[in-house]
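# Commentary on secondary and tertiary structure
Listed below are the residues making up each chain.
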Amino acid sequence: MKKFITDYLNIIIYCILGLVLMIASFYLFINYYHSEEVKTTIYVSDTDAKYLNYKQNLETLDNNLTKYKNSTNKDKSKDTLYNKLYTCSHILKDTGTFYQVIPNQFYTNYDIYQLGSKFQTDILNICYASHLSYLTTNEVDENLQIVGSFLKNDVNILSNQIKFAMEEIQNNSSYYFSTNVSSSTIRNSLSSDYTIIANSYIEFANILINISNTLTEGGNNND
Amino acid sequence: MTKILNKLIYILKNILLPLTFIATIYITVFMFKRLEKDIFGANLFEFLKVVIPFIILLILILVNSFLNIKTVKDNIFYNLTSFIVLITISIFCYRALLDQNMFLWHKYGYNINFNYFSDQIASIQVMLYGLSLANILLIIKDKLSVDKKVNKKVISET
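Residues numbered from 1 in each chain as written. Chains lettered and ligands numbered in written order. Predicted model: local features only at pLDDT ≥ 70, side-chain atom pairs only at ≥ 80, totals over all residues. Heavy atoms only, no water.

### Concerning the overall build of chain B
- Regarding its fold elements, chain B presents six helices and zero strands.
- Ordered by position from N to C terminus, the α and β elements of chain B give α-α-α-α-α-α.
- Rg of the C-alpha trace for chain B: 20 Å, well past the compact-globule value of 15 Å for 158 residues, more than 25% over.
- Principal axes of the C-alpha set define a box for chain B whose edges measure 75 × 40 × 20 Å.
- Per-residue burial over chain B gives 45% buried out of 158 residues.
- Contacts in chain B between residues at least 24 apart in sequence constitute 73% of all its contacts with a sequence separation of at least 6.
- The distance from the centre of the 17 positive side-chain charges to the centre of the 9 negative ones in chain B is 8 Å. (Helix = DSSP H or I, 4+ residues; strand = E, 2+ residues; numbered from the N terminus. Rg over C-alpha atoms; globule rule 2.2 N^0.38 Å. Buried < 20%, exposed > 50% of the residue type's maximum accessible area, 1.4 Å probe, protein only. Contact = heavy atoms within 4.5 Å. Lys, Arg positive; Asp, Glu negative; His and termini not counted. Charge placed at Lys NZ, Arg CZ, Asp CG, Glu CD.)

### Here we look at the pattern of salt bridges
- Under the definition given, this model contains six salt bridges over all chains.
- Measuring nitrogen to oxygen at the nearest pair gives 2.5 Å for the salt bridge that ties Asp 62 of chain A to Lys 93 of chain A. Of the two residues, Asp 62 of chain A sits in helix H2 (residues 49-70) while Lys 93 of chain A sits in the loop between helix H3 (76-92) and strand E2 (105-107), which places them 31 residues apart along the sequence.
- Asp 99 of chain B is paired through a salt bridge with Arg 95 of chain B; the nearest N and O atoms lie 3.0 Å apart. There is no split in this pair, since Asp 99 of chain B and Arg 95 of chain B are both buried. (Salt bridge = Lys/Arg side-chain N within 4 Å of Asp/Glu carboxyl O.)

### Quick word on the packing of aromatic side chains
Residue and element names in this part refer to chain A.
- Counted according to the given criterion, the structure contains 23 aromatic pairs over all chains.
- With centroids separated by 6.4 Å and ring planes inclined at 90 degrees, the aromatic side chains of Tyr 51 and Phe 98 adopt a geometry described as edge-to-face. Residue Tyr 51 is found in helix H2, and its partner Phe 98 is found in the loop between H3 and E2; the two are separated by 47 residues along the sequence. Here Tyr 51 and Phe 98 have matching classes, each one buried.
- The structure contains a cluster of three or more aromatic residues connected by ring pairs, namely Tyr 51, Tyr 54, Phe 98, Phe 119, Tyr 194, Tyr 201 and Phe 204.
- Positioned above the aromatic ring of Tyr 99, the side-chain terminus of Lys 55 is 4.7 Å from the ring centre.
- Sitting over the face of the ring of Tyr 134, Lys 84 holds its NZ or CZ atom 5.4 Å from the ring centroid. (Phe/Tyr/Trp six-rings, centres within 6.5 Å; stacked < 30°, edge-to-face > 60°. Lys NZ or Arg CZ within 6 Å of the ring centre and 35° of its normal.)

### Observations regarding the state of the cysteines
All names here are of chain A.
- With the rule as written, the count across this model stands at one disulfide over all chains.
- The partner cysteine of Cys 88 in its disulfide is Cys 127, sulfur to sulfur 2.0 Å. One disulfide, between Cys 88 and Cys 127, carries an S-S torsion of 115 degrees and so falls in the right-handed class. Of this pair, Cys 88 sits in helix H3 while Cys 127 sits in helix H4 (residues 109-132); the two residues are 39 residues apart in sequence, bridging distant segments of the chain. (Disulfide = S-S within 2.5 Å.)

### Describing the interface of chain B and chain A
- Opposite the 38 residues of chain B that make contact, chain A presents 33 residues.
- For the pairing of chain B and chain A, the buried interface totals around 3100 Å² over both sides, and the portion due to carbon and sulfur atoms is 72%.
- Summed over the three residues of chain B that lose the most area to chain A, namely Phe 77, Asn 101 and Phe 103 of chain B, the buried surface amounts to 22% of that side.
- Where chain B meets chain A, there are zero salt bridges.
- Counting across the chain B and chain A interface gives seven residue pairs in polar contact (both at pLDDT 80 or more).
- The set of elements that each furnish at least two residues to the side of chain B that touches chain A consists of helix H4 (76-98), helix H5 (103-107) and helix H6 (114-157) of chain B.
- The leading source of residues in the side of chain B that touches chain A is H6 of chain B, at 19 residues. (Buried area = accessible area lost by both parts, 1.4 Å probe. Polar contact = N/O pair within 3.5 Å; in protein donor to acceptor, adjacent residues only side chain to side chain.)

### A closer look at the domain arrangement of chain A
- Annotation of chain A at the domain level lists domain 1 (1-37) and domain 2 (41-216).
- Computed from C-alpha coordinates alone, the two centres of domain 1 of chain A and domain 2 of chain A are separated by 53 Å. (Domains from an automatic or database assignment.)

### Some words on a nonpolar patch on the surface
Residue and element names in this part refer to chain B.
- On the surface, Leu 5, Leu 8, Ile 11, Leu 12, Ile 15 and Leu 19 cluster together into a nonpolar patch covering about 540 Å² of accessible area.
- Mapped onto the elements, Ile 11 comes out in helix H1 (residues 2-34).
- Relative accessible area serves as the criterion here: at 44%, Ile 11 is assigned to the partly exposed category. (Patch = residues over 30% accessible without salt bridge, like charges linked within 9 Å, V, L, I, M, F, W, Y side chains within 5 Å. Areas by Shrake-Rupley, 256 points an atom, 1.4 Å probe, with all protein chains shown as cover.)

### Structural notes on the environment of Asp 99 of chain B
Residues and elements named next belong to chain B.
- Tracing the backbone through its elements, the reader meets Asp 99 in the loop between H4 and H5.
- Sequence-wise, Asp 99 and Ile 112 are 13 residues apart; in three dimensions their C-alpha atoms are separated by 8.7 Å.
- Separated by 3.0 Å, the side chains of Asp 99 and Arg 95 make a polar contact.
- One polar contact links the side chain of Asp 99 to the main-chain amide nitrogen of Asn 101, over a distance of 3.2 Å.

### Observations regarding H4 of chain A
- With 24 residues, H4 of chain A should cover 34 Å at 1.5 Å per step; its first-to-last C-alpha distance of 30 Å lies more than 12% under that length.
- A bend of about 30 degrees at Leu 124 of chain A is the largest found in H4 of chain A. (Expected span 1.5 Å × (residues − 1). Bend = angle between axes of the 7 residues up to and from the residue.)

### Focus: the nonpolar core
- Phe 98, Leu 132, Phe 204, Leu 208 and Ile 211 of chain A are the most contacted members of the largest nonpolar core, which totals 53 residues.
- Listing elements by their share of this core, those giving two or more residues are strand E1 (42-44), H2, H3, H4, helix H5 (142-170) and helix H6 (180-217) of chain A together with H5 of chain B.
- Counting residues per element, this core draws most heavily on H6 of chain A, at 14 residues.
- Core analysis: the second largest hydrophobic core is formed by 51 residues, Ala 24 of chain A together with Leu 17, Phe 21 and Ile 121 of chain B among them. (Core = buried A, V, L, I, M, F, W, Y, C linked by side-chain atoms within 4.5 Å.)

Structural data, given as structure tokens:
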């Protein structure tokens, strides 16, 4: 009887140990793969097209603003717009924005998230909401109203795409069974999120260039 | 060779258990603090659920040492499994505390990824309860085989 119990105990013990070993090995390997996946970084080189494009856009914006400052064709509404654009051009170059990215460095998902976060807090909330949103009201000139309607649509699109990119970055902390699809989502999403956030900066600078063009165009209802 | 390896794994296992226990308590205490849960109040049971499997295994290790349970000490499969389990728990703690590549490590504050660690608590419990159960059964097996040896000795003497 004792031999029978001992034999059965042996089977039960080794079954439990086998199961525990299986679970531990599974978590050991899955953690290794997960840590490799979240290690992915983005390398921003000094020849990076997005980085150069943004700098170039801000230079164009500054040129347009200087051109208006030196011109004689000025009025009150244009002056107001000039001041607001001038503030925005400074916000776009502020610390933590895409302008301050140091090239030839690796950036983690957290750094990319911070870039997106800065875009939301400073560019959308301060530059657009506090300074430029007056263009979307009926209180401005007709040609500025047209610019304002385009601005509103573009900002809505940028706001949504930034939100999408930032939510995707947060997913890298979710722990799940690693499949090829989920792994590639983590690996590839950082690159696409970087592209989305960088393009949002470029796009917003482009919008400001288009608005600043109205300052230097000369044709205005008040003329 | 197997004996030396077994001895080495047995010692490493006994060192790793208190270390992982301390690391788990450290992370759990801060996790409760961040969630504004009172450890020694309404959430005591929740805290004990994390700690108890470690305490049981620590008690069993002491029992193995004091009663000199050969079936546990000499069982390389048990010691190896325990070692791998404790290495896995150490990796959970290491990643929760130091893996900065996961976004929520930065977001939660305290420099600990609570989201990741809370995902692992269930698997930690399963593995530790499994080891405890296996250890208890090995002790029972040891006692039964001791009785068998005594009986054989008595028969041979008569």
